[in-house]
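Per-entry structural report
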Amino acid sequence: MAQIPATPKPARLRRLVTAATAGPNVLLARDDKLQPSERAALALRPFSAKAAPQAVVFLIPLVGRHHVGNWESTCARLGATLAGLQRQSDSRWQAVICGQDRPEDLPDDPRITFLPFTTPVEGNDKWRKLAQLCDHLPELGIGAGYAMTFDADDLAHPGLVEEMMQRAAPGGYLAQTGYILDHRADTLACAAPRSLSQPLRKPFWKLCGSCAALRFDLANGAAEVDFLREMSQHEHRMFPYLARLAGRALTALEAPRVLYLLNHGENFGARRGRVSFKTRFVQRFRVEDDAEIRRDYRID
């Protein structure tokens, strides 16, 4: 199963302008090339998330044992991801892990649940797992909050949940800044929007899928889950656009709150040959004095 291709950038701009000026119904009537995610965004646009957020929900697809070379290492990295959530300064979060194989050493924590994945899929099944995770959201007993797709090898800063819950952004959050650790080289870099002095830099959300938390309010009905599901089927570079199209523009997190682990041997991108430019990015934008960052994320 493949990712759904991104909408070309010129078409994104046209659709945002039409939705804002003429309204979602006009765009739906005029444009027969809208993707399912865009139709779901337009269906959600009339609604706003009014209820106060109750929790942050991390939706974690876990690769199957049959797809990896070292299952023990895969489980160890998931353990580090979950330990980072357990160190959150605000305890209002839940994590749902979806996969074929339940790790034996999952923490005994009521906030962490495992969702079995039994659907036969030829090829990469990450997208089908993300769809199942989104569909499972109403079963968690959380009426309103933030939903964040999160890779099973990335790390959250201890203040991630606290910032989201305290600021209560109406549309959700986007990680403009964040850290990338090249595990093989043991080198750490900072991703951030480009500037005049750093024109080749990239924002974190263009490099890592654990980058966006969407505000949801299930009182609005099925449109909320439908949008989350359809959005999750795209690459992360589509997230800010789709959120804007849905009327849920994302607010930038105030500080780097996520660390992306690169070159650990089982990265999804490595199977598609798409990590070499990220390796070069880490070399170019290396953080020389990274002791405090390593302490925050418990990196040995």
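Up top you'll find the structure we're talking about.
This one's a predicted model, so the numbers in the text were calculated from it and none came from an experiment.

Let us now look at the sheet that holds strand β7 (residues 178-182). With respect to topology, four strands assemble into an open sheet ordered β5-β11-β7-β8, the strand pairing being mixed. Every interior strand has two partners, whereas the edge strands, β5 (155-156) and β8 (187-191), have only one. Summarising the sheet, β7 and β8 pair through five bridges and their orientation is antiparallel. Bridge pairing in β8 links D182 to T187.

We now examine the pattern of salt bridges. Taken as a whole, this structure holds 15 salt bridges when the rule is applied. Across the pair E230 and R229 runs a salt bridge, and its minimum N-O distance is 3.5 Å. Considered together, E230 and R229 belong to a single accessibility category, that of buried residues. Connected through salt bridges with shared partners, the residues D135, D226, R229 and E230 form a single ionic network.

Strand order in the open sheet formed by seven strands is β3-β2-β1-β4-β9-β6-β10, with mixed pairing between adjacent strands. In this open sheet, the two strands that pair with only one neighbour each are β3 (112-116) and β10 (251-252). Here three bridges tie strand β6 (residues 172-174) to strand β9 (residues 212-217), and the two strands are oriented antiparallel to one another. Residue L174 lies in a different strand from β9, and its bridge partner there is A212. Along the sheet, helix α6 (residues 160-167) makes contact with β1 (55-61), β2 (93-99), β4 (144-149), β6, β9 and β10, crossing β1 at roughly 135°.

So, about the environment of R45. Secondary-structure assignment places R45 in the loop between α3 (36-44) and β1. Take R45: its relative accessible area is 23%, and that puts it in the partly exposed class. Distance in space between the C-alpha atoms of R45 and A243 is 9.4 Å, their sequence separation being 198 residues. Setting aside anything within four residues of it in sequence, one finds R45 in contact with A19, A20, P24, R244, L245, A246 and G247. For R45, the side chain forms a polar contact with the main-chain oxygen of L245, separated by 2.8 Å.

What counts, and where the lines are drawn
- Residues numbered from 1 in each chain as written.
- Predicted model: local features only at pLDDT ≥ 70, side-chain atom pairs only at ≥ 80, totals over all residues.
- Heavy atoms only, no water.
- Pairing = 2+ DSSP bridges.
- Helix = DSSP H or I, 4+ residues; strand = E, 2+ residues; numbered from the N terminus.
- Salt bridge = Lys/Arg side-chain N within 4 Å of Asp/Glu carboxyl O.
- Buried < 20%, exposed > 50% of the residue type's maximum accessible area, 1.4 Å probe, protein only.
- Contact = heavy atoms within 4.5 Å.
- Axes fitted to C-alpha atoms, helices over the stretch in contact; angles between N-to-C directions.
- Polar contact = N/O pair within 3.5 Å; in protein donor to acceptor, adjacent residues only side chain to side chain.

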